[in-house]
Amino acid sequence: MVTSERMSASPTPTTASSPSLPPKQYGVTKPISILEPSEADIQRTRELEKFLVEAGLYESKEEAVKREEVLGRIRQIVKDWVKELTRLRGYSDQMVEDANALIFTFGSYHLGVHGPGADIDTLCVGPSYVNREEDFFFILHNILAEMEEVTELQPVPDAHVPVMKFKFDGISIDLLYASISLLVVPEDLDISDMSVLYDVDEPTVRSLNGCRVADQILKLVPNVEHFRTTLRCLKFWAKRRGVYSNVTGFLGGVNWALLTARVCQLYPNAVPSMLVARFFRVYTLWRWPNPVMLCAIEEAELGFSVWDPRKNPRDKTHHMPIITPAYPCMNSSYNVSTSTLRVMMDQFQYGNKICEEIELNKAQWCALFEPYLFFESYKNYLQVDIVAADVDDLRAWKGWVESRLRQLTLMIERDTYGKLQCHPYPHEYVDSSKPCSHCAFFMGLQRKPGEMVQEGQQFDIRGTVEEFKHSINMYMFWKPGMEICVSHVRRKQIPTYVFPEGYKRSRHPRFPSQLQSDKQSCEDGDAHQTGSGNRLLKRKKDPDAVEQDTPGKRQSISPQRQDSISPERMAPSSLSSRTGSNIGPINSNKKILDQEIAEVVNISNSSIITSLTSDDVGNESVAGSTEGNNGSIDGSVEGSNNLGSSQSDSCDADSESLLENGNLDGNGVFRNRLQGELEVLNISSLTSIFLS
């Protein structure tokens with residue numbers, strides 16, 4: 001728990017290196033800047049930490065103690081489990097006495113950035129004769145199922161990383177298992193040592209790497225406390241903006257941790273307020289698919305494949321490579337698609353603009369965490385309804401369907417040759433009025449910006465939806481009552497249960513920056529879509545052709561999961577603090593910083609760099625009509641405005657001019673100290689080998 005004493009104290013920056021010695025290098029390049037924070041930076045950090053505390057992102061001491069008690073109980077359970085298996089298999093009494101299993105933590109809990117209600121990612125390491133398939137997913141599963149403290153037990157043996165999910169005395173646990181090539185697991189086992197990878201299979205390597213990666217991250221950042229505060233802030237931001245979900249094709253906890261750690265390496269003496277702003281600046285300018293790496297990719301003789309586009313053709317198809325720092329180094333963000341990358345780049349630009357306003361004292365930190373208005377951002381949506389006979393069946397069925405939603409996005413991109421873009425929203429909605437257990441997911445639909453199409457052109461995705469439903473119905477644990485329905489809905493047809501308190505809400509005034517970054521007005525979007533004044537005039541006169549934004553239009557904010565914070569707990573943003581602010585080029589010092597970051601992230605070989613645009617023009621429809629006992633999709637989807645798109649191609653940001661040199665007056669955000677960030681770093685020589 002963050003105390004008032006901690007917040008009132010000035011953050012202690014990392015001591016700068018002696019002028020006579022080169023600065024310590026963290027990661028694969030030298031730092032961009034080693035300058036110390038200013039008083040204004042320290043004050044903004046205090047305000048940020050105060051905001052995070054008031055938002056309820058830190059657990060209480062009582063909950064922290066309970067988590068430790070639960071972990072202690074689980075440690076004893078797995079030790080007893082292994083000892084009993086050792087006895088049953090006829091090993092000697094001494095072997096039974098020495099038999100052991102260890103529990104390690106990873107993820108947000110191990111990194112120290114978990115919040116109230118968050119789950120604990122745990123790994124059980126057992127001896128070589130205790131296997132995953134039978135001993136873990138059958139015998140240990142049955143032991144847990146008989147315990148009163150254990151609820152919502154859900155084994156997922158066929159996952160990419162096999163896991164057993166459950167709640168123990170109300171604490172959510174994700175438990176993995178790794179059987180290592182030792183007859184006895186020592187109490188002092190160093191899981192970071194490469195010897196634990198000897199003679200194990202690929203699923204075991206993936207299970208072990210969660211802990212190994214977390215350990216490496218904490219070793220590779222200059223200041224662990226600054227890293228933790230920054231990561232806690234950015235994870236909360238990602239959830240509020242709808243881009244926190246690895247399974248849906250966005251980024252999960254480890255991805256955000258790696259991106260944050262890299263920014264900490266580039267600015268080793270920066271405090272959290274600086275790191276948050278630099279995070280958005282760096283990744284707004286980053287030229288994907290250039291990889292983000294905390295250290296050099298390590299080769300070993302154990303035979304495991306590492307991320308290397310030179311050798312592995314599949315690695316060349318990755319859109320947003322974020323490489324894990326522990327052997328075998330892998331791309332942790334392989335789920336990202338062109339559509340989800342586009343959405344994230346738009347959100348990075350949004351965050352960058354808000355941080356610029358905060359540094360100019362034109363906005364408060366609460367402005368950064370305004371929820372993303374997903375149901376105001378598109379005209380057309382796919383609605384995926386999931387039903388089951390009871391809550392337990394729905395939990396398993398929903399987990400399966402949610403894990404496959406990314407495939408629906410990829411199928412639509414494939415079958416429309418990338419001309420129809422999908423925005424899967426990583427939140428579930430529940431219609432409590434249904435007699436059966438139910439939840440729903442939604443996807444925003446829009447034509448790829450810049451595509452020239454004929455008026456009235458439609459996308460027929462009926463076959464795509466049928467293929468998706470066929471793959472869903474291959475679920476090996478299917479039970480009667482498990483059904484899925486995929487349908488097209490227009491914005492005005494969005495069901496009321498997705499909105500706060502289940503009713504239509506009037507629009508509230510939106511901040512200029514959010515208007516710029518989330519979306520433009522429908523009328524403006526339609527003006528861009530049309531190629532002639534007559535078509536625009538016709539649309540304005542025809543109420544059915546254009547959905548006008550009226551005060552009665554509904555709006556939605558991201559729903560709150562159990563471990564997230566309700567909007568009521570958020571400090572209200574100040575309208576006056578941002579009204580009338582219009583972010584443009586700040587001055588030449590900002591341009592210099594942009595130039596330097598651009599050169600840090602630029603790679604000369606751009607043959608496979610993904611290029612996204614954000615114009616939204618044209619008008620077409622998505623037509624689909626499928627019938628059957630599992631659901632239907634019908635109707636036509638009209639041309640939709642990507643009102644959440646950015647104004648420029650952020651994936652292909654060009655370097656800005658260095659001809660000017662001046663200072664920003666007023667609040668002096670980009671002061672002369674940024675002149676110290678002029679050492680241009682070019683990492684093309686370090687990473688271009690992966691693109692050759």
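Residues numbered from 1 in each chain as written. Predicted model: local features only at pLDDT ≥ 70, side-chain atom pairs only at ≥ 80, totals over all residues. Heavy atoms only, no water.

Visitor: Quick one: what's the story with the overall build of the protein, residue by residue and with numbers?
Guide: Assigned secondary structure in the protein consists of 19 helices and 12 strands. Taking all 692 residues of the protein together, 56% fall into the buried category. Considering only contacts in the protein between residues 6 or more positions apart, those separated by 24 or more positions represent 78%. For the protein, the exposed surface amounts to about 28200 Å²; the carbon and sulfur share of it is 51%. (Helix = DSSP H or I, 4+ residues; strand = E, 2+ residues; numbered from the N terminus. Buried < 20%, exposed > 50% of the residue type's maximum accessible area, 1.4 Å probe, protein only. Contact = heavy atoms within 4.5 Å. Areas by Shrake-Rupley, 256 points an atom, 1.4 Å probe, with all protein chains shown as cover.)

Visitor: Tell me about the pairing of strand 8 (residues 437-447), residues and numbers included.
Guide: In terms of burial, strand 8 is largely enclosed, as 11 of its 11 residues are buried. Sheet analysis places strand 6 (residues 380-388) next to strand 8, joined by nine bridges and oriented antiparallel. Considered in strand 8, the bridge of Val-387 is made with His-438. In terms of strand pairing, strand 7 (residues 420-424) meets strand 8 through five bridges, oriented antiparallel. Bridge pairing links His-423 to Gly-444 in strand 8. (Pairing = 2+ DSSP bridges.)

Visitor: Explain the sheet that holds strand 10 (residues 483-490) residue by residue, including any values.
Guide: Ordered in space as 7-8-6-10, the four strands form an open sheet in which the pairing is antiparallel. The open sheet is flanked by strand 7 and strand 10, the only strands paired with a single partner. Averaged over all pairs of adjacent strands, the angle between their axes in this sheet comes to 25°, without regard to strand direction. As judged from the eight bridges shared by strand 6 and strand 10, these two strands associate in the antiparallel manner. By the bridge assignment, Leu-382 is partnered in strand 10 with His-488. Where helix 12 (residues 391-415) meets the sheet, its contacts fall on strand 6, strand 7, strand 8 and strand 10, and the angle it forms with strand 6 comes to roughly 150°. (Axes fitted to C-alpha atoms, helices over the stretch in contact; angles between N-to-C directions.)

Visitor: So what about the nonpolar core? Which residues, and what values?
Guide: Judged by nonpolar contacts, the single largest core of 110 residues is most densely connected at Leu-123, Phe-227, Trp-237, Tyr-283, Trp-288 and Leu-368. When residues of this core are assigned to their parent elements, the largest contribution, nine residues, is made by helix 11 (residues 338-359). The residues contacting Trp-237, other than those within four sequence positions of it, are Val-243, Trp-256, Phe-280, Gln-347, Phe-348, Tyr-350, Gly-351, Leu-368 and Phe-369. Ile-77, Trp-81, Tyr-129 and Ile-173 belong to the second-largest nonpolar core, a separate cluster that totals 30 residues. (Core = buried A, V, L, I, M, F, W, Y, C linked by side-chain atoms within 4.5 Å.)

Visitor: Can you lay out the environment of Glu-356 for me, pointing to particular residues and giving the numbers?
Guide: Tracing the sequence through the fold places Glu-356 in helix 11. Considered as a pair, Glu-356 and Arg-281 are 75 residues apart in the sequence and their alpha carbons are 9.5 Å apart.

Visitor: I'd like a rundown of the confidence of the model for the protein, residues and numbers included.
Guide: This prediction gives the protein a mean pLDDT of 77; 68% of its residues lie at or above 70. Contacts for the low-pLDDT stretch residues 505-587, under 50 throughout, to residues beyond four places or in other chains number 209 contacts. Per-residue pLDDT stays below 50 along residues 603-692; that stretch engages in 291 contacts with residues further than four places along the chain or on separate chains. (pLDDT = per-residue confidence, 0-100.)

Visitor: So, unusual backbone geometry: which residues are in play, and what are the values?
Guide: Cis geometry marks the peptide bond from Trp-288 to Pro-289, where omega comes out at 15°. Within the element layout of this structure, Pro-289 appears in the loop between helix 10 (272-285) and helix 11. Positive phi, close to 55°, is recorded for Asp-169, a residue that is not glycine. Mapping Asp-169 onto the fold places it in the loop between strand 4 (163-168) and strand 5 (171-179). Overall, Asp-169 belongs to the partly exposed group, its relative accessible area being 41%. Phi angles above zero are rare outside glycine, and Asp-199 is one such case at about 55°. Examined against the element boundaries, Asp-199 turns out to sit in the loop between strand 5 and helix 7 (202-220). Looking at Asp-199, the relative accessible area reads 74%, which means it is exposed.

Visitor: An account of helix 8 (residues 224-240) is needed here, citing residue identities and associated values.
Guide: For helix 8, spanning 17 residues, the distance from its first C-alpha to its last is 24 Å, which sits close to the expected 24 Å at 1.5 Å a residue. The buried count for helix 8 comes to 13 of 17 residues, which makes it a mostly enclosed element. Where helix 8 begins, one side-chain oxygen reaches toward the backbone nitrogen of Glu-225, 3.2 Å away; that side chain belongs to Asn-223. Where helix 8 ends, the next residue or the one after it, Gly-242, has phi of about 75°, a positive value. (Expected span 1.5 Å × (residues − 1). Polar contact = N/O pair within 3.5 Å; in protein donor to acceptor, adjacent residues only side chain to side chain.)

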